[in-house]
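Residues per chain, in single letters:
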Amino acid sequence: MSLEEAKKCAAYKAVDEYVKDNTVVGVGSGSTVVYAVHRLAERVKTEGLKLVCVPTSFQARQLIIEHGLVLGDLECNPRLDCAIDGADEVDAGMVLIKGGGGCLLQEKIVASCADRMIVIADYTKDSVRLGQQYRKGIPIEVAPMAYVPIKGKVEARFGGTLKLRMAVAKAGPVVTDNGNFILDWSFPDDKEHDWDAVNREIMMLPGVVDTGLFVGMATKAYFGQKDGTVTERSAA
């Protein structure tokens, strides 16, 4: 089974188990979420579900529109029944790294408004500890004028290195949907980290908008496996 099929298995199972009629659903970003939106559209068509879908990014918004789903926002729907999103890595304690696609701020806002955050991923995103699988670091979204001071402060306090994420099809850095820059922090992985404390401390630095550390937010994670099965992990 291909990686894409593994993603599809996880996405379909999550949508089938957590999405009910007359609910508001947060729609995350990334390649695995594409399959979740496919399944949402199928169920709306075959079962007549009444759903409102709140996107976490421009990509998610376009997916919702393209599939003919009802597009909502947090102004009209400040409370969501669930949010379904991917992750770059999930550790044994259900701490997530998100933001590889640059949508971490809006993803975290939407997740914070949901009664349940459901993670969908393939087996390559499943780790015992952060950094075991995902080697690109923890994204930190920052105000453009502050990226150099923040880089120095995080490196001095926690070690590792931070790199400004550069764009691929344009000259210069990646600019998020919110007009900010992203620093990717390659953290020391030879010691244990209290990720809740680390996240709180980084968030206190002036100029930090948000981090890709999602601590205590995910309710359940679904991992599609090579053989077509789906393993599950729930928050303590």
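Thresholds, definitions, all that
- Residues numbered from 1 in each chain as written.
- Predicted model: local features only at pLDDT ≥ 70, side-chain atom pairs only at ≥ 80, totals over all residues.
- Heavy atoms only, no water.
- 1 Å grid on protein atoms, 1.4 Å probe; cavity = no way out; pocket = protein on both sides within 12 Å on 5 of 7 lines; lining within 4 Å.
- Points joined across faces, edges and corners; volume = space filled by probe spheres on them.
- Nonpolar A, V, L, I, M, F, W, Y, C, P; charged D, E, K, R; others polar.
- Phe/Tyr/Trp six-rings, centres within 6.5 Å; stacked < 30°, edge-to-face > 60°.
- Helix = DSSP H or I, 4+ residues; strand = E, 2+ residues; numbered from the N terminus.
- Buried < 20%, exposed > 50% of the residue type's maximum accessible area, 1.4 Å probe, protein only.
- Domains from an automatic or database assignment.
- Contact = heavy atoms within 4.5 Å.
- Buried area = accessible area lost by both parts, 1.4 Å probe.
- Salt bridge = Lys/Arg side-chain N within 4 Å of Asp/Glu carboxyl O.
- Polar contact = N/O pair within 3.5 Å; in protein donor to acceptor, adjacent residues only side chain to side chain.
- Pairing = 2+ DSSP bridges.
- Axes fitted to C-alpha atoms, helices over the stretch in contact; angles between N-to-C directions.

Quick question: what am I supposed to make of the layout of surface pockets here?
Where empty space is left in the structure can be found by rolling a water-sized probe over the atoms. Put simply, the largest pocket is a space of about 330 Å³. Looking at the largest pocket, it is lined by 20 residues, and the ones nearest its centre are Ser29, Gly30, Ser31, Asp88 and Gly101. Its residues placed into classes, the lining of the largest pocket shows six nonpolar, nine polar and five charged.

Is there a simple way to explain the packing of aromatic side chains in this structure?
A ring pair, where both rings are aromatic, is described by two values, the distance of the centres and the angle of the planes. Following the criterion strictly, the structure yields six aromatic pairs and no others. Taken together, a centroid distance of 5.8 Å and an interplanar angle of 50 degrees make the contact between Phe158 and Trp185 tilted. Separated by 27 residues along the polypeptide, Phe158 in helix 5 (residues 147–158) and Trp185 in strand 9 (residues 181–186) bring together distant segments of the chain. Taken as a pair, Phe158 and Trp185 share a single burial class, namely buried. A ring pair is formed by Trp185 and Trp195, whose centres lie 6.4 Å apart and whose planes are at 75 degrees; its orientation type is edge-to-face. With Trp185 in strand 9 and Trp195 in helix 6 (residues 195–203), the pair connects residues that are ten residues apart, well separated along the chain. Taken as a pair, Trp185 and Trp195 share a single burial class, namely buried. Through a chain of ring-to-ring contacts, three or more aromatic side chains come together here, namely Phe158, Trp185, Phe187 and Trp195.

Explain the domain arrangement of the protein chain here, please?
Put simply, an interface is often sized by how much accessible area is lost when its parts join up. Along its sequence, the protein chain is organised into domain 1 (3–128 + 215–224) and domain 2 (138–209). The C-alpha-based centres of domain 1 and domain 2 are spaced at 24 Å. If you look at the interface, domain 1 gives 15 residues, while domain 2 gives 13 residues. Summed over both sides, the interface of domain 1 with domain 2 buries roughly 990 Å², with 60% coming from carbon and sulfur. Looking only at domain 1, the three residues that lose the most surface to domain 2 are Leu104, Leu105 and Val215, adding up to 40% of its buried area. Put simply, domain 1 and domain 2 have zero salt bridges between them. Where domain 1 packs against domain 2, one counts four residue pairs in polar contact (both at pLDDT 80 or more). It is helix 4 (residues 104–112) that contributes the most residues to the side of domain 1 that touches domain 2, four residues altogether. The class makeup of the residues in the side of domain 1 that touches domain 2 is six nonpolar, six polar and three charged.

How should I be thinking about the environment of Ile109 in this particular structure?
Along the chain, Ile109 turns up in helix 4. In this structure Ile109 comes out as partly exposed when scored by relative accessible area, which is 39%. Placed 86 residues apart in sequence, Ile109 and Trp195 show a C-alpha to C-alpha distance of 19 Å.

I keep staring at the sheet that holds strand 9 and nothing clicks. Help me out?
Backbone hydrogen bonds hold the strands of a sheet together, and the pairing may be parallel or antiparallel. Sheet architecture is open: four strands sit in the order 8-9-7-10, paired in antiparallel fashion. In the strand order of this sheet, the two ends are held by strand 8 (161–164) and strand 10 (208–211), each with one partner. Pairs of neighbouring strands in the sheet enclose a mean axial angle of 30 degrees, with direction left out of account. Of the strand pairs in this sheet, strand 8 and strand 9 are connected by four bridges, and their pairing is antiparallel.

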